[in-house]
Amino acid sequence: MTESDSYFVFTIMLSIFTLSEALGGELMVAVGGKWNMLIGSVLALSGIFLSALASNIYFVSITYGALLGAGAGMMYCYPLKCAMDWNPRRKGIISGILLSGLGFGAFTWNMIATFYINPTNKSTGKNGENLDEEEYNRVPSLFLLLGAIYSVLLFIAHVILIRPAED
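## Remarks on the side chain of Ser20
Consideration 1: With respect to the helices, strands and loops of the structure, Ser20 is situated in helix H1 (residues 3-31).
Consideration 2: Ignoring any residue separated from it by four or fewer positions in sequence, one finds Ser20 in contact with Gly69, Ala70, Gly73 and Met74.

Right, here's the structure in full:
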């Protein structure tokens, strides 16, 4: 996979994330926030775990791009709604903090992934042509590791996220 391929997959993921937020909002009204988050979590985690099986850019585009994007967009609605319900007079700052957390999370996970795949941080070349076969072989297990970590974090979030009682 080239550098431009990874941009393509990330563009698909962010585009579908954005579009699926509207679906997530509607689904949250229809089935409730916890169910919406559960459905989104299953989609997102499926995308991450299935990415470990990918052998080409098209498969990664579907799994990491489409499934992860759809699931993340859907489940993003409930934590946002909970945070704004707990802080009704500061909805703007609350949504800004949560959105910046998305960007910071991508930055953080990127560093973790780089350390996992290329622990010595040697030059990889523009398209990874300088990576050893051993480093390339770490990519599938990286998806499994990230999927496991995300599973634990999403389980914790599912348990602790509650909306305030209605007055």
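## As for helix H6 (residues 138-160)
Consideration 1: In a regular helix each residue adds 1.5 Å, so 23 residues correspond to 33 Å; H6 covers 33 Å between its end C-alpha atoms and thus fits that length.
Consideration 2: Those residues of H6 lying buried are Arg138, Leu142, Phe143, Leu146, Gly147, Tyr150 and Leu154.
Consideration 3: Looking at the buried residues of H6, the elements they touch are helix H2 (33-51), helix H3 (57-86), helix H4 (91-117) and helix H5 (133-136).

## Notes on the pattern of salt bridges
Consideration 1: Counted under the stated rule, the structure contains three salt bridges.
Consideration 2: Across the pair Asp85 and Lys81 runs a salt bridge, and its minimum N-O distance is 3.1 Å. Here Lys81 and Asp85 lie together in helix H3, a separation of four residues that amounts to about one turn.
Consideration 3: The exposure class assigned to Lys81 is partly exposed, which follows from its relative accessible area of 29%.
Consideration 4: In this structure, Arg163 and Asp85 form a salt bridge, with 2.6 Å as the shortest nitrogen-oxygen distance. Of the two residues, Arg163 is situated in the segment after H6 and Asp85 in helix H3; the sequence distance between them amounts to 78 residues.
Consideration 5: On the basis of relative accessible area, Arg163 is assigned to the partly exposed category, the value being 36%.
Consideration 6: One network of salt bridges, with partners in common, ties together Lys81, Asp85 and Arg163.

## Here's the deal with the packing of H3 against H4
Consideration 1: Axis separation between H3 and H4 bottoms out at 9 Å; the angle between their running directions is 145°. When the axes of H3 and H4 are compared, the crossing they make is right-handed. Between H3 and H4, the residues in contact are Tyr76, Pro79, Leu80, Ala83 and Met84 and Lys91, Ile94, Ser95, Leu98, Leu99 and Leu102, respectively.
Consideration 2: In terms of residue class, the contact of H3 with H4 is made up of nine nonpolar, one polar and one charged.

Reading guide: rules and limits
Residues numbered from 1 in each chain as written. Predicted model: local features only at pLDDT ≥ 70, side-chain atom pairs only at ≥ 80, totals over all residues. Heavy atoms only, no water. Helix = DSSP H or I, 4+ residues; strand = E, 2+ residues; numbered from the N terminus. Contact = heavy atoms within 4.5 Å. Expected span 1.5 Å × (residues − 1). Buried < 20%, exposed > 50% of the residue type's maximum accessible area, 1.4 Å probe, protein only. Salt bridge = Lys/Arg side-chain N within 4 Å of Asp/Glu carboxyl O. Axes fitted to C-alpha atoms, helices over the stretch in contact; angles between N-to-C directions. Left-handed = near helix turned anticlockwise from the far one by under 90°. Nonpolar A, V, L, I, M, F, W, Y, C, P; charged D, E, K, R; others polar.

These values are about where atoms sit, not about what they do.
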